[in-house]
Amino acid sequence: MPFNAPQWFSDALTTASGDPALDRDPRWARFIDPEWRCPSCGRSSPGLTDLGFDHPDVWPHGSRHATGEHLMQAGADRLTSDLCRFKDAHFIRCILPVPIRGYDGYFCFGPWARVAREHFEAYAQSTLPPFPPFDGCDAVLANGLPGSNPRLPTACLLTTSGPSDRPALFPHDGPMRAAQQGGVSFDQLLELYATTGTNLAPHLATEEGESCGFEIAQAHAEEPPDQPV
């Protein structure tokens, strides 16, 4: 996905891609192989996928994705796949790219960013003909990401590349800035997926003839409850 990035992030990508760790990790080859299946339970890997958010954390009207609505509206509050207005707050959906150590690329969160009204309106105009330029703006992360402190607002730089590309966020400091500068290991990436209910680690580590534990857990889940004597 194209996006404009500060030089420090481009340097971080270059540094992270030179890490040899993934070359020695057989789990990575399984993770990115669409044909791979866990030898114990047959589970496949979704590969490298983004972790997106349907709406900003303050949005109180439910999930647009769950209802299948293109536009969710409650009074003056409005939510689409790209823009949100709640009371006097304005939000833009973005990506927050994070380098993966040893990989020539990055993983993305898909959070929302709060911006000033004038920047919100300028960005919305930039996505419509004749596509006037929008140079980006200051923003604040509007979703709690794993490792971030939801009590401390995360100030960011929001950048854009073109009218069809999603804006990108680059925090000025905090855990997310550290992740963007230093990259994440493969184990840290798997932990991020596990926080959303996709726990691939035991499957990727299972060898032929071993059990990933899924069948045992499933068998216990299907056992009838003990009957009173």
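Each value, and the rule that gives it
Residues numbered from 1 in each chain as written. Predicted model: local features only at pLDDT ≥ 70, side-chain atom pairs only at ≥ 80, totals over all residues. Heavy atoms only, no water. Helix = DSSP H or I, 4+ residues; strand = E, 2+ residues; numbered from the N terminus. Buried < 20%, exposed > 50% of the residue type's maximum accessible area, 1.4 Å probe, protein only. Contact = heavy atoms within 4.5 Å. Areas by Shrake-Rupley, 256 points an atom, 1.4 Å probe, with all protein chains shown as cover. Lys, Arg positive; Asp, Glu negative; His and termini not counted. Charge placed at Lys NZ, Arg CZ, Asp CG, Glu CD. Pairing = 2+ DSSP bridges. Axes fitted to C-alpha atoms, helices over the stretch in contact; angles between N-to-C directions. Core = buried A, V, L, I, M, F, W, Y, C linked by side-chain atoms within 4.5 Å. Arc of directions from axis to C-beta. Disulfide = S-S within 2.5 Å. Phe/Tyr/Trp six-rings, centres within 6.5 Å; stacked < 30°, edge-to-face > 60°. Lys NZ or Arg CZ within 6 Å of the ring centre and 35° of its normal. pLDDT = per-residue confidence, 0-100.

A. How the structure looks around the overall build of the protein. Scanning the protein for helices and strands turns up eight helices and 11 strands. Taking all 229 residues of the protein together, the buried fraction comes to 38%. If you take every contact in the protein between residues at least 6 apart in sequence, the share linking residues at least 24 apart comes to 63%. On the protein, roughly 12,600 Å² of surface is accessible, and the fraction owed to carbon and sulfur atoms is 52%. Positive and negative charge centroids in the protein, built from 16 and 29 side chains respectively, lie 7 Å apart.

B. Structural view of the sheet that holds strand E9 (residues 137–141). Ordered in space as E2-E3-E4-E5-E8-E9-E10-E11, the eight strands form an open sheet in which the pairing is antiparallel. The open sheet has two edge strands with one neighbour each: strand E2 (72–74) and strand E11 (168–171). Neighbour-to-neighbour, the strand axes of the sheet open up by a mean angle of 30 degrees, direction not taken into account.

C. Representation of the sheet that holds strand E7 (residues 106–110) within the structure. In spatial order, the strands read E1-E7-E6; together these three strands make up an open sheet with mixed pairing. In this open sheet, the two strands that pair with only one neighbour each are strand E1 (51–52) and strand E6 (96–99). Packing of helix H1 (residues 7–17) onto the sheet brings it into contact with E6 and E7, and relative to E6 it is tilted by some 35 degrees. Each of E6 and E7 is contacted by helix H5 (residues 175–182), which is oriented at about 50 degrees to E6, the strand it contacts most.

D. Highlighting the nonpolar core. Counting 36 residues, the largest nonpolar core has Phe31, Phe107, Phe109, Leu158 and Leu169 as its most contacted members. Residue contributions to this core peak at five residues, all from helix H6 (residues 186–194). Those residues in contact with phenylalanine 31 that lie beyond four places of it in its chain are Ser45, Gly47, Leu48, Phe186, Leu189, Leu190, Tyr193, Leu200 and Leu204. Listed in part, the nine residues of the second largest apolar core include Cys84, Phe86, Ala89 and Phe91.

E. Geometry of H6. Listed in full, the buried residues belonging to H6 are Phe186, Leu189, Leu190, Leu192 and Tyr193. The buried residues of H6 occupy an angular sector of 155 degrees when the element is viewed end-on, so they sit on one face. In this structure, the buried residues of H6 make contact with helix H2 (26–32), E1, E7 and helix H7 (201–204).

F. Fine view of the state of the cysteines. Under the defined criterion, the tally for this structure stands at zero disulfides. No disulfide involves cysteine 137; its nearest neighbouring cysteine sulfur is the one of cysteine 94, lying 8.3 Å away.

G. Inspection of the packing of aromatic side chains at higher detail. Per the stated rule, a full pass over the model turns up 15 aromatic pairs. Summarising the aromatic geometry, the rings of phenylalanine 31 and phenylalanine 186 are spaced 5.3 Å apart at their centres and angled 65 degrees between planes, so their arrangement reads as edge-to-face. You can see phenylalanine 31 sitting in helix H2 and its partner phenylalanine 186 sitting in helix H6, a full 155 residues away along the chain. Here the aromatic cluster, defined as three or more aromatic residues joined through ring pairs, consists of Trp28, Phe31, Tyr103, Phe107, Phe109, Phe186 and Tyr193. One residue, arginine 177, lies across the ring of tryptophan 8, its end atom 3.8 Å from the ring centre.

H. Examining the confidence of the model for the protein more closely. With 93% of its residues at a pLDDT of at least 70, the protein reaches an overall mean of 90. In this model residues 216–229 is a low-confidence stretch, pLDDT under 50, and it forms one contact with partners more than four residues away in sequence or in other chains.

I. Main features of the pairing of E9. As defined by bridge partners, strand E8 (residues 112–115) adjoins E9 across two bridges and the pair is classed as antiparallel. By the bridge assignment for E9, arginine 114 is matched with valine 140. With four bridges connecting them, E9 and strand E10 (residues 155–159) associate as antiparallel partners. The residue of E10 that forms the bridge with alanine 139 is cysteine 156.

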